[in-house]
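# Coordinate analysis (summary)
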Amino acid sequence: AEEPTIFELSVPTRRSFSLRNSEVPSMDLSEIQSWVREEAVELPEVSERDLVAHYTRLASRNYSVDLGAYPLGSCTMKYNPKFADQVAAIDGLTNVHPLTPPEAIQGWLRLLNELEHYVCEITGMAQATLQPPAGASGELTGLLIMRAYHTSRGRKPTKVVIPDSAHGTNPASVSLAGYEAITVPSGPDGLVDLAKLRELVDEDTAGIMLTNPNTLGLFEREIREILDVIHSVDGLAYYDGANLNAIVGVARPGDMGFDIVHSNLHKTFATPHGGGGPGAGPVAVVEHLADFLPGPLPRSLDGGSSYTWVAPRRSIGRVHAFYGNAVVLARALAFMQYLGSDGLRTMSELAVLNANWLKARIADTFEVAFQQPCMHEFVVSAERLKAETGVRALDVAKALLDAGFHSPTVYFPLVVHEALMIEPTETESPQTLEAIAQALEEIVASARTDAEAVLAMPRNTPVRRLDEAMAARKPILTEDQRQ
Amino acid sequence: AEEPTIFELSVPTRRSFSLRNSEVPSMDLSEIQSWVREEAVELPEVSERDLVAHYTRLASRNYSVDLGAYPLGSCTMKYNPKFADQVAAIDGLTNVHPLTPPEAIQGWLRLLNELEHYVCEITGMAQATLQPPAGASGELTGLLIMRAYHTSRGRKPTKVVIPDSAHGTNPASVSLAGYEAITVPSGPDGLVDLAKLRELVDEDTAGIMLTNPNTLGLFEREIREILDVIHSVDGLAYYDGANLNAIVGVARPGDMGFDIVHSNLHKTFATPHGGGGPGAGPVAVVEHLADFLPGPLPRSLDGGSSYTWVAPRRSIGRVHAFYGNAVVLARALAFMQYLGSDGLRTMSELAVLNANWLKARIADTFEVAFQQPCMHEFVVSAERLKAETGVRALDVAKALLDAGFHSPTVYFPLVVHEALMIEPTETESPQTLEAIAQALEEIVASARTDAEAVLAMPRNTPVRRLDEAMAARKPILTEDQRQ
Amino acid sequence: MPSFAPHTEEEIEQMLTDLGMSSLEELYASIPSALVRTEPLSLPSDLSEIEVLEQFSRFGRDNSAVRSSLVSFAGAGAYDHDLSAAARHLGSQSAFVTAYTPYQPEVAQGVLQALFEFQTMVARLFGLPIANASLYDGAASLVEAVNMAVGFTKQRRVIVSNGVNPSYREALATFGTGTHLEIEHLDLEADDSTNFGSGSADHAGAAAVIVAYPNYFGAIEHLEEARALADSERALLIVVADPIALGLLRSPGTLGADIVVGEGQSLGIPLSFGGPYLGLFAARAEYVRLMPGRLVGETRDLEGRRSFVTTLRTREQDIRREKATSNVCTNQTLMAIQAAIHMAWLGKRGFQLLARRNYDGAHYLASRLSEIGLVPSTRNFFREFTVRTFGSATDLQHRMLQHGFLAGVVPPGLDDRLVLAVTEARTRTEIDSFVDSLAKELR
Amino acid sequence: MPSFAPHTEEEIEQMLTDLGMSSLEELYASIPSALVRTEPLSLPSDLSEIEVLEQFSRFGRDNSAVRSSLVSFAGAGAYDHDLSAAARHLGSQSAFVTAYTPYQPEVAQGVLQALFEFQTMVARLFGLPIANASLYDGAASLVEAVNMAVGFTKQRRVIVSNGVNPSYREALATFGTGTHLEIEHLDLEADDSTNFGSGSADHAGAAAVIVAYPNYFGAIEHLEEARALADSERALLIVVADPIALGLLRSPGTLGADIVVGEGQSLGIPLSFGGPYLGLFAARAEYVRLMPGRLVGETRDLEGRRSFVTTLRTREQDIRREKATSNVCTNQTLMAIQAAIHMAWLGKRGFQLLARRNYDGAHYLASRLSEIGLVPSTRNFFREFTVRTFGSATDLQHRMLQHGFLAGVVPPGLDDRLVLAVTEARTRTEIDSFVDSLAKELR
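Keep in mind that this is a model prediction, so the values were computed, not measured. (Residues numbered from 1 in each chain as written. Chains lettered and ligands numbered in written order. Predicted model: local features only at pLDDT ≥ 70, side-chain atom pairs only at ≥ 80, totals over all residues. Heavy atoms only, no water.)

## Comments concerning the overall build of chain A
Of regular secondary structure, chain A possesses 16 helices and 13 strands. Its C-alpha radius of gyration of 25 Å places chain A within 12% of the 23 Å reference for a compact globule of 483 residues. Along the first, second and third principal axes, the C-alpha set of chain A runs to 75 × 60 × 45 Å. Evaluated residue by residue, chain A yields a buried proportion of 72% over its 483 residues. (Helix = DSSP H or I, 4+ residues; strand = E, 2+ residues; numbered from the N terminus. Rg over C-alpha atoms; globule rule 2.2 N^0.38 Å. Buried < 20%, exposed > 50% of the residue type's maximum accessible area, 1.4 Å probe, protein only.)

## Structural notes on the interface of chain A and chain D
Between chain A and chain D, the residue contacts involve 207 residues of the former and 191 residues of the latter. For the pairing of chain A and chain D, the buried interface totals around 17500 Å² over both sides, and the portion due to carbon and sulfur atoms is 63%. Contact with chain D buries area across many residues of chain A, yet Arg20, Trp35 and Leu477 of chain A alone supply 5% of it, more than any other trio. For the pair chain A and chain D, the interface holds twelve salt bridges. The shortest N-O distance in the salt bridge between Arg306 of chain D and Glu8 of chain A comes to 2.7 Å. Counting across the interface, chain A meets chain D through 101 residue pairs in polar contact (both at pLDDT 80 or more). Here the element with the most residues in the side of chain A that touches chain D is helix α11 (residues 326-361) of chain A; it accounts for 26 residues. In the side of chain A that touches chain D, the residues fall into 107 nonpolar, 57 polar and 43 charged. (Contact = heavy atoms within 4.5 Å. Buried area = accessible area lost by both parts, 1.4 Å probe. Salt bridge = Lys/Arg side-chain N within 4 Å of Asp/Glu carboxyl O. Polar contact = N/O pair within 3.5 Å; in protein donor to acceptor, adjacent residues only side chain to side chain. Nonpolar A, V, L, I, M, F, W, Y, C, P; charged D, E, K, R; others polar.)

## Observations regarding the relation of the copies chain B and chain A
Mapping chain B onto chain A calls for a screw motion: a turn of 180° about the axis and a shift of 0.0 Å along it, with 0.0 Å RMSD after fitting. The operation mapping one copy onto its partner corresponds to a two-fold rotation axis. Considering only C-alpha atoms, the part of chain B nearest the rotation axis is Ser60 of chain B, at 3.5 Å. Take the interface residues of chain B: 100% of them recur as interface residues in chain A, which is what a same-surface contact looks like. (Least-squares fit on C-alpha atoms with pLDDT ≥ 70 in both.)

## Some details on the interface of chain B and chain A
On the chain A side, the residues contacting the 26 residues of chain B number 26 residues. Across the chain B to chain A interface the summed buried area is about 1900 Å²; carbon plus sulfur atoms make up 47%. The largest contributions to the chain B side of the interface with chain A come from Arg49, Leu67 and Tyr79 of chain B, which together make up 33% of the buried area. At the boundary of chain B with chain A, the tally comes to two salt bridges. The closest approach of N and O atoms between Glu428 of chain A and Arg49 of chain B, which form a salt bridge, is 2.7 Å. There are 14 residue pairs in polar contact (both at pLDDT 80 or more) connecting chain B and chain A. Mapped by element, the contributors of at least two residues to the side of chain B that touches chain A are α1 (48-60) and α14 (430-449) of chain B. Looking at which element gives the most residues to the side of chain B that touches chain A, the answer is α1 of chain B, with eight residues.

## Considering the domain arrangement of chain C
All names here are of chain C. Assigned domains of chain C: these are domain 1 (68-84 + 347-442) and domain 2 (86-342). On the side of domain 2, 32 residues touch domain 1, which itself brings 32 residues to the contact. Of the roughly 2300 Å² buried between domain 1 and domain 2 on both sides combined, carbon and sulfur atoms contribute 61%. A per-residue breakdown of the area domain 1 buries against domain 2 is headed by Ser84, Phe351 and Phe382, which together make up 25% of the total. At the boundary of domain 1 with domain 2, the tally comes to one salt bridge. Note that Asp242 is salt-bridged to Arg383, the shortest N-O span being 2.3 Å. Scanning the region where domain 1 abuts domain 2 turns up ten residue pairs in polar contact (both at pLDDT 80 or more). (Domains from an automatic or database assignment.)

## So, helix α1 (residues 9-18) of chain D
Those residues of α1 of chain D that fall on the buried side of the exposure criterion are Glu11, Ile12, Met15 and Leu16 of chain D. Burial along α1 of chain D is one-sided: seen end-on, the buried residues are contained in an arc of 135°. Set apart from the buried face of α1 of chain D by more than 90 degrees, the exposed residues are Glu10 and Thr17 of chain D. Of the surrounding secondary structure, the elements contacted by the buried residues of α1 of chain D are α11 and α14 (430-449) of chain A. Among the residues trailing α1 of chain D, Gly20 of chain D stands out with phi positive, at a value near 70°. (Arc of directions from axis to C-beta.)

## Some details on the pattern of salt bridges
Tallied over the full model, the rule gives 122 salt bridges over all chains. Among the salt bridges present, the one from Asp82 of chain C reaches Arg20 of chain B, with a minimum N-O distance of 2.9 Å. You can see Asp82 of chain C sitting in the loop between β1 (71-72) and α3 (85-91) and its partner Arg20 of chain B sitting in the segment before α1, one on each of two chains. With relative accessibility at 11%, the residue Asp82 of chain C sits in the buried group.

## Points about the sheet that holds strand β3 (residues 157-161) of chain D
Residues and elements named next belong to chain D. Reading across the sheet, the seven strands line up as β2-β8-β7-β6-β5-β3-β4 and stay open at both edges, with mixed pairing between neighbours. One side of each edge strand has no neighbouring strand; the edge strands of this open sheet are β2 (130-131) and β4 (182-186). Pairing of β2 with strand β8 (residues 279-283), which is carried by two bridges, proceeds in the antiparallel orientation. Within β8, the residue paired with Ile130 across the bridge is Ala283. (Pairing = 2+ DSSP bridges.)

## Regarding the environment of Arg250 of chain D
Here Arg250 of chain D shows up in the loop between β6 (236-241) and β7 (259-263). Residue classification places Arg250 of chain D among the partly exposed positions, given a relative accessible area of 33%. Between the C-alpha atom of Arg250 of chain D and that of Leu125 of chain D, which follows or precedes it by 125 residues, the distance is 9.3 Å. Excluding anything up to four places from it in sequence, Arg250 of chain D contacts Ser34, Trp35, Val36 and Arg37 of chain A together with Tyr213 and Leu255 of chain D. Of note is the side chain of Arg250 of chain D, whose polar atom sits 3.1 Å from the backbone oxygen of Ser34 of chain A.

## Observations regarding the packing of helix α11 (residues 326-361) of chain B against α14 of chain B
Residues and elements named next belong to chain B. With their axes 10 Å apart at the nearest point, α11 and α14 run at an angle of 30° to one another. In terms of orientation, α11 and α14 fall into the roughly parallel class. Of the two possible hands of crossing, α11 and α14 adopt the one that is right-handed. Touching Asn354, Trp357, Leu358 and Arg361 of α11 are Pro430, Leu433, Glu434, Ala437, Gln438 and Glu441, all from α14. (Axes fitted to C-alpha atoms, helices over the stretch in contact; angles between N-to-C directions. Parallel < 35°, antiparallel > 145°, perpendicular 65-115°, else oblique. Left-handed = near helix turned anticlockwise from the far one by under 90°.)

## Some words on the UniProt feature "domain: Glycine cleavage system P-protein N-terminal" (unreviewed entry) in chain C
The UniProt feature table records "domain: Glycine cleavage system P-protein N-terminal" (unreviewed entry) at residues 4-436 of chain C. Secondary structure content for residues 4-436 of chain C is 36% helix and 13% strand, while the C-alpha to C-alpha distance between its ends is 53 Å. (UniProt positions renumbered as here; feature names shortened; annotations may be inferred.)

## So, the environment of Arg443 of chain C
Assignment of secondary structure puts Arg443 of chain C in the segment after α12 (428-442). Distance from Arg443 of chain C to Ala344 of chain C, taken between C-alpha atoms, is 46 Å for residues 99 residues apart in sequence.

Rendered as structure tokens:
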């Protein structure tokens, strides 16, 4: 059944609201009369009972990590431990105004300072800003630091190198940072083609953005050589932390030679994705870039007995209205403390173990794009299946929904045809991996016997396949745009 | 798909637990060696990820008030406002040991004392115990007070009168109180047959238990006459508060002449039912019975500036290990404060309005058992439908599940054949009532055109009709009893 | 109009019109006018949700006895264990919280399967084949167990150890007036364990022998002696067991108990000032049709899928009425589900480890107290033990509150003793500070 | 092994064997050995969940600035409103919290429909036909609006009122270095409203005129003047609007704004020390293909059922890459859903009433402060206004903290002013006490 919209449930003068009884006298409106609206905003008018039923039913029409596996490549949809929800609900953290004088927010300042320390130790960097509220924001922040660095040295390079396998955020951020995105192709091994890189890089190169492991789930073995090329022209190396879940405690971007790193806390450090956000994308830098960080930074001036805000000397300026998604940051720190030094490494090791095991397990079902050992995710292709049965990667993804799993990422990275990009994460058990593999096998087997049936999937979901073209042709983005 | 049991998900040495690091030395076990078990208890071994997925999936296989209407007669399944969940989570209320000296629990004592005042004002009684953790427990508590009263007067009557329409808890409680349950029949108007009552009552009558309105949703008009009969033989009148939702602020058991009253806070005062509990069933009494109440009672000895526990002089003794379901009590008080004096009355008025409107709306669809205006619930019969189509009350109930509503109560009260007992509560809107009525109409129409289809319902539920006989024949009550 | 009910003024008018009425008062025409109130209830007017919340926050602040400000060594039937976040989260899902008793199993498989799993865990814990889906609390479970024993043996005499929690004994006495119980007591030895020879020696036959394991004062009882007494009385042996202790100790079922009951609060349920808690109840399989409370059983649906349903309902009050095995209707389902989740979170090894931590903590405190002259009555204890105080225990407890400690529980009528409990939530630092403060107060 | 991952030792062995490996280290054989750490991270070892929780509770206690202990008159972009329990409950359902971006709409109708409803509410609030599904915060929304205006007008000059929140202006300047913005400022009048004639008068053409409504200092701006300036510059008019104010004031869309952005924190989201908050973004329909962020649109499924899907995805970075309208991927979906629920809870009348309460509270405080000589710069304000202090505002604020009050916000670089906000959460008693304390401090 369709769920009515909240507006369709609305009845004039019905209500949910329960406002504090006013003790303040009604004040004169005459001074602002010319601004006063004539009609109230047409918000819905529903009872709390109907409100709760509506959004409870909507929730029941949504898949989530808490319901089952989410092997969505490049998204790191791991389980989010529940105690962090309690951290996020602590009154002394949530009911604090961001513009309170430091003396009254020592807890928050200490917390943020501690998280900065964890982020720096994990990435091998010197100092960090916690302001960027998401990965893409972190990228742009990092690139603006790159720009400020070059400007400080009187240089104006114009290009940033990006591998062809990169996430779309990378080139988009490069553009917004005022640079031109230059693509370096992958070699047949799925890694950056070092020779091609050498050809591309020159004095006009501001830097490089790399994800390592890359979006194919492969570790760039020649990372030091790659970064040497960049550094040789005074370029800076930006590490996109989207895939950090593969290597925490095992290898550090700083040790690889990166200068700027962002980390998606909502991926690696298990803060929940919230249906698309909020996230958090702290940016950490080497010592000689620390002066460019957005401010303010939480710092102790007396060895840790009290904390205050400090502005970096040559800051690029603030990138968030306040200090970033503070409560998300708290959750991430809680997760880091929970796992501890060894646990963080084990987390990554098991993420990589799961990916390799599942890759091997389905190697007969789909073509594995690259044969070398993968990191936390891997890419297979449904090209053969498509040729033989007409069932595409997208159809496999949809069919998997009927089996009770979320779909993998499809058609990304662009360098693999009919790509299925699978990231099981460390929180799924071997039994779950086996169940996913069996479900994929069954889909492929069904495709060979009755492709039409597979093309008609999913059938057991709240709705079936949608007419996306209709949605785009004449967009209906609000209740009022509907005819 | 079936959901595996938590035991089927278990893998040896897998774990969820995360225990505080021990700082205490390991102590010698030799003193208790003969008691020490050899094998650990076979609890499941699962990851927290699988634990959460399992119970999240189980939750998704359950209907609840938050999903939709629950017109389950005699159960008062109203919406439970969400702010009360926050009340129930207040640290200073939940993290308190019940055996703390009074000086350190002034908040709780004050809270309970205030709730007692509300309960007494609403029921028209003098004092109350909050200990009984449910309605049935309240009944038995009240009956033991009745017994103690008679004993204190040197009397040993043996019988308690109960109408034939009463809930099963009433006769069961009477038995456990050491009395014989004597049934007084209803007249053709569904009310206690006063003449028959007069015949039944004698010096051996300890009292009467009545629900008013009764389980047919009808108000016992002759209540004062009925209670006079009881009081004339020094019997006591017990008011079963199961149906209190009909009359809060409108009429009070105390004013009707009752001596002992219990109130199901989880019905009338909106504390959530929890899949079957916890509830709370405070018992309030007239002044001359107050000495018999279970103790201790929270009382102020200095006019309200501090509170302590006081033991009633001739208490029947405690009926709960501590003070009842304290947090449920807190929720109920919060609800009462939220509605306030006028709101509580409106609550009942609208519950009665909803019931009468829905009764009138479906009067052509089913036979209304009793024509006079109902209170908060009403009973219709599917006898005609059954005769004509073979579709019984049970089948109508099951078919309603497919329409997205919970079933009404069926086959109760026993005095109506093929009974459907419907209690919409005040929290359902007229639109929802109309939708229920339409769903019932459609079921009846379907029954007339294709009875088999109706008999095969529900089809859209997580499972379909169950083999209940199989369950009872050779009960499998645990994982280990399965073959 | 309060915001609680959805009706608009206009809708109320329309509905009344549909009914041929002109006012809400008319709905109550069937009530004799003398009984219809014209005055409002003498209660405060409505508050907004935020004002109510603030009011209850004040109640909370007026309890100084919260974990964050008072270090507790109180037990006596309610224990300050750490709670698992997962159980709290999962147990508070509205699909569980706002459901009714699973009378329509087609839409209640969540609650039913969770209860089936709960029953399995309780049965395994207690070492008996069957368990029910919960009762109100430990005291209620004991009362129901006695009723069941009375029903089975047709005897009204019950023999109760004085080591059973005094509140439970009081509740048994309360309800026993209705069921005409004849309650006899067994005295305790100097080491707080039951003297099974202390009752009347005529072995006249009894419904039940009742003993706690460990008992109220902390002593681990000799259940084989209890079993022997029960045999000689042709009585059932009812054991009131502490579930956490069974992580370390052998289960009462394997030691001969016929019925095992207990308080399940320790299994992941907040202290909550005494409720809602969780009555546990397990028994031998032969008593299944005498069991009180709800039972969930496994079956199949029309399509052959495994499913769960409340079963043997003919025992229950709504069907059997005055002949029911119990009057229980509402139970503590939500607590049962939460406890099951918490037990699954602990798991086999976590449960064992938890028990050991409790043992270690209690024995560590006992050894530290012995150093300052407060020697436990017994060495056979689990997480709780009793010491004699020099002077009034109530006074001492009051003075210790000023130091920020809840110094256990003073047993009713025994003002020279303290029953002290230590859970895994008490750190070594807290225990040491407690002993230091106590030493100062006793000096 | 930490409890986080499910793998048992045995399973790890087996999986490695399946892969022909003998250790977990071998998984990293593709990493040059010089890069593989042999030392553990220099971080503390693992803690139990309860220990982490206690650690964060201590962090919380070290913030004295919580509502229960500090009465706040701070605003400046983050407001201490009462939150609805329903929105908190519904927004914390795990189906919303632990879902990913709704890329598979068949299993994401919950999030998608909730966002569609959110878009509708924002569009109605701002008086424009379309809105997106959220951006990071108010500042980010402003930056994206400017980028959109630049993309549309092909101009890089933007004219910003000094009444726009200084943090937002700073963020705009930060990101403007990448997009080569030329930012000009408009001064404020003595009454804190924008002097629209204060910029360069050559009308050279601009991408946007930006004004806040009400502005940072509390003044309600004359949007028709802003519109006139925008017209003369052939620029888009971007208004940074306070959503709560629009319960009382006419919407910027109806007053001529082309793009309206704002911070949605006031709509039921906790103060949270500044985040996660909620960037609101609405625009004229003609800009739809230039919009940043996610858009949810209505469509039908195979069976003709109404359903929702993310649409116009070709604007986005994952498809259009360097030519995308924005680099945004993650947004603030959960906050958007929570805000939508809160707005629905408030409803048409509640939202209006709430705005009025805020107005009344702020004007009441202003009138009381006027009595003690602290006269607001303007009388055209909504829930926030600015007063000049005698001496350092920072010092005064510090002294007021000792009285238990957060005395507003000191504007950056203006240490003789306080920006004071009053929401419906401030009672008359609190306001009166604040004025009394302030009077004492100023005496």
